[in-house]
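Close look at the chain arrangement
Each chain, letter by letter, is given below.
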Amino acid sequence: MLRDEKIISAIRKRDERMLSFVIDRYARLLWKAAASILTDASAVQDVEECVSDAFIYLWQHPERYDPDKAKLSSWLSMIVRSRAIDRWRRMVKKREISMEELVMESLGYPEIAEDQADDNVDSRRDKLAICMGMLDEKEKELLIRRYSNEQSTNEIAIAMNLSKKQVENKLYQVKRKCKRMMECKNDLERV
């Protein structure tokens, strides 16, 4: 039986036979993982695409796999699960809450009831949009993964090749940065 390190080493060297081996070995497992999420919500093609996406991701980014953090089967399952969840969310549109609203809530600005008029909510949304524009790409990616894609810190850590603690710290820092920017009206007016 081949060890995960040897498999990844071969894939890093662009060994297509090893990729075929991985596909043969894990396709059924990944199919089950995707199908368990997409049951009754999509067509067979959606499950196939999620599984294919996971193998394509492996081929394009073998360096992101760390055998010290997870087995290859677990890592691939996490990728396919993430893809399936994203697809499911898009298809059923379970929630219509914008990422901005989720971030505002996480910053301590809870939404008000629809029947209450509050000009400050629109003002805060505008400020948040400006803040989001001032963030670098990694900071935006963290917020999008956490609040739009609703990924856990573990999922974000794997996807961004960080430790769980690094993700937690970076999320805290980005949210703190946004809150400071929103509270500092002068900084936003300079934009």
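Residues numbered from 1 in each chain as written. Predicted model: local features only at pLDDT ≥ 70, side-chain atom pairs only at ≥ 80, totals over all residues. Heavy atoms only, no water.

1. A closer look at the overall build of the protein chain
Helix and strand counts for the protein chain stand at 10 helices and zero strands. For the protein chain, the α and β elements follow one another from N to C terminus as α-α-α-α-α-α-α-α-α-α. When each of the 191 residues of the protein chain is scored for burial, the buried share is 36%. (Helix = DSSP H or I, 4+ residues; strand = E, 2+ residues; numbered from the N terminus. Buried < 20%, exposed > 50% of the residue type's maximum accessible area, 1.4 Å probe, protein only.)

2. Regarding the packing of helix α7 (residues 137-148) against helix α8 (residues 153-160)
Where α7 meets α8, the axes come as close as 10 Å, and the angle between the chain directions of the two elements is 140°. Here α8 runs oblique to α7, going by the angle between their axes. α8 is crossed by α7, and the crossing has right-handed handedness. Where α7 abuts α8, its residues Lys-138, Glu-141, Leu-142, Arg-145 and Arg-146 lie against Ile-156, Ala-159 and Met-160. In terms of residue class, the contact of α7 with α8 is built from four nonpolar, no polar and four charged. (Axes fitted to C-alpha atoms, helices over the stretch in contact; angles between N-to-C directions. Parallel < 35°, antiparallel > 145°, perpendicular 65-115°, else oblique. Left-handed = near helix turned anticlockwise from the far one by under 90°. Contact = heavy atoms within 4.5 Å. Nonpolar A, V, L, I, M, F, W, Y, C, P; charged D, E, K, R; others polar.)

3. Quick look at α7
Along α7, the residues classified as buried are Glu-139, Leu-142, Leu-143, Arg-145 and Tyr-147. In this structure Asp-136 caps α7, since a side-chain oxygen of it lies 3.0 Å from the backbone nitrogen of Lys-138. One or two steps after α7, the chain reaches Glu-150, where phi turns positive at roughly 55°. (Polar contact = N/O pair within 3.5 Å; in protein donor to acceptor, adjacent residues only side chain to side chain.)

4. Description of the pattern of salt bridges
For the coordinates displayed, the defined rule picks out eight salt bridges. Across the salt bridge formed by Arg-17 and Asp-15, the nearest N and O atoms sit 3.9 Å from each other. Judged by relative accessible area, which is 70%, Arg-17 ranks as exposed. Residue Asp-15 is classed as partly exposed on the basis of its relative accessible area of 22%. Notably, a salt bridge pairs Arg-87 with Asp-46, separated by 3.1 Å at the nearest N-O pair. In this pair, Arg-87 sits in helix α4 (residues 72-92) while Asp-46 sits in helix α3 (residues 44-60), placing the two residues 41 residues apart along the sequence. For the pair Arg-87 and Asp-46, one class covers both residues: buried. (Salt bridge = Lys/Arg side-chain N within 4 Å of Asp/Glu carboxyl O.)

5. Here we look at the nonpolar core
Membership of the largest hydrophobic core comes to 27 residues, with the highest contact counts inside it found for Val-22, Leu-58, Leu-72 and Leu-76. Elements with a contribution of two residues or more to this core: α1 (4-12), α2 (16-38), α3 and α4. With 17 residues, the next largest nonpolar core counts Cys-131, Leu-162, Val-174 and Cys-178 among its residues. (Core = buried A, V, L, I, M, F, W, Y, C linked by side-chain atoms within 4.5 Å.)

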